[in-house]
Amino acid sequence: MRILIVDDEVRLADGVRRGLEAEGMAVDVAHDGLGGLDLAADHDYDAIVLDVMMPGMNGYRVCRELRAAGDWTPVLFLTAKDGEWDEVEGLDTGGDDWLTKPFSYPVLVARLRALVRRGARDRPAALEAGDLRLDPAARQVFRGETEVTLTAREIAVLDFLLRRRGEVVTKAEVIANVWGADFVGDPNIVEVYIGHLRRKIDRPFGREAIETVRGAGYRLSATGG
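Values in this document were obtained by computation on a predicted structure and should not be read as measured data.

Undergrad: Can you explain the overall build of the chain? Please cite residues and give values.
TA: A tally of regular secondary structure across the chain gives 8 helices and 12 strands. Overall, the chain is about 65 × 40 × 30 Å in size when its C-alpha atoms are taken along their principal axes. Within the chain, the fraction of its 225 residues that count as buried is 43%. Contacts in the chain between residues at least 24 apart in sequence constitute 57% of all its contacts with a sequence separation of at least 6. Counting only carbon and sulfur atoms, one obtains 48% of the accessible surface of the chain, whose full area is about 11,500 Å². When the 30 basic and 39 acidic side-chain charges of the chain are each reduced to a single mean position, those positions are 4 Å apart.

Undergrad: Please provide a residue-by-residue account of the sheet that holds strand β10 (residues 168-169), values included.
TA: One open sheet accounts for 3 strands, arranged β10-β12-β11; its pairing is antiparallel. The open sheet has two edge strands with one neighbour each: β10 and β11 (210-213). Both β10 and strand β12 (residues 217-220) contribute to a ladder of 2 bridges, which runs antiparallel. Note that in β12 the partner of Val168 across the bridge is Arg219.

Undergrad: Quick one: what's the story with the sheet that holds strand β7 (residues 132-135), residue by residue and with numbers?
TA: Sheets are built from strands that pair by backbone hydrogen bonding, the pairs being arranged parallel or antiparallel. Strand order in the open sheet formed by 4 strands is β6-β7-β8-β9, and the pairing between neighbours is antiparallel. What marks the edges here is a single partner per strand, and that holds for β6 (127-129) and β9 (146-148). Averaged over all pairs of adjacent strands, the angle between their axes in this sheet comes to 25 degrees, without regard to strand direction. The pairing of β7 with strand β8 (residues 140-143) spans 4 bridges and is antiparallel. When the sheet's bridge partners are listed, Arg133 is paired in β8 with Phe142. Each of β6, β7 and β8 touches helix α6 (residues 152-163); the most contacted strand, β7, lies at about 115 degrees to it. Where helix α8 (residues 189-202) meets the sheet, it contacts β7, β8 and β9, and its direction lies at approximately 55 degrees from that of β8.

Undergrad: Account for the pairing of strand β3 (residues 47-51), naming residues and giving values.
TA: Among the 5 residues that make up β3, 5 are buried, leaving the element largely enclosed by the rest of the structure. Because side chains alternate across β3, one face comprises the buried residues Ala47, Val49 and Asp51, and the other comprises Ile48 and Leu50, equally buried. With 4 bridges connecting them, strand β1 (residues 2-6) and β3 associate as parallel partners. Following the sheet pairing, Ile3 is matched in β3 by Ala47. Pairing of β3 with strand β4 (residues 75-79), which is carried by 4 bridges, proceeds in the parallel orientation. If you follow Ile48 over to β4, its bridge partner there is Val75. This β-α-β element, β3 to helix α3 (residues 59-68) to β4, shows right-handed connectivity.

Undergrad: Any details on the side chain of Glu154? Residues and values, ideally.
TA: Position of Glu154 among the secondary structure elements: in helix α6. In terms of polar contacts, Glu154 uses its side chain to reach the side chain of Lys200, at 2.8 Å. Every residue in contact with Glu154, bar those within four places of it in the chain, is listed here: Tyr193, His196, Leu197 and Lys200.

Rules of the game
Residues numbered from 1 in each chain as written. Predicted model: local features only at pLDDT ≥ 70, side-chain atom pairs only at ≥ 80, totals over all residues. Heavy atoms only, no water. Helix = DSSP H or I, 4+ residues; strand = E, 2+ residues; numbered from the N terminus. Buried < 20%, exposed > 50% of the residue type's maximum accessible area, 1.4 Å probe, protein only. Contact = heavy atoms within 4.5 Å. Areas by Shrake-Rupley, 256 points an atom, 1.4 Å probe, with all protein chains shown as cover. Lys, Arg positive; Asp, Glu negative; His and termini not counted. Charge placed at Lys NZ, Arg CZ, Asp CG, Glu CD. Pairing = 2+ DSSP bridges. Axes fitted to C-alpha atoms, helices over the stretch in contact; angles between N-to-C directions. Right-handed = clockwise from strand over helix to strand, strands pointing away. Polar contact = N/O pair within 3.5 Å; in protein donor to acceptor, adjacent residues only side chain to side chain.

Everything listed here is a matter of geometry and, on its own, says nothing about what the molecule does.
Here it is as structure tokens:
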């Protein structure tokens, strides 16, 4: 197994390296995000141990850049942050597992072996409706050749609509899939985000891809409007 460690804490990274090498693994170390990206571009790794809180380019951005470049090497986030939303962000940016500092070396080794057994994931296929395209890996949206800038939540709503293109989806379904089943806010938040999407992916291009189905919900045209 060949492992890449990206962590700006030199002593910790060196300790992890020695521990993994004692388990028979080959280990490379980078102490910043750019260095990690360079090593990942130059070598094939079985897994990457990636710190979140690094100066310059944090771990979330490193993982996002890897996925956008088509590198789906399993990523284990290693961090002092233990909030559940931090974990969610790490997984949403393309990470595969999460370990909070301080951690147990046997647990780290076991999780790395599990990631390697599963292997790298396939890059998600682009979602399309006519000339409307969403690349889930790069989190990019296009109308034809024009890139459209959306927020993370707008992308999540569009992702769900594209996966159900041509079908009517209810507000409840959108909320459950984008905000989660335990969402307790105003369900009209869906209308707000549908409005955002229409202003960004439809009106500037003279399209009407997102249809309101009175009394039922919304439908994204299979042809992209």
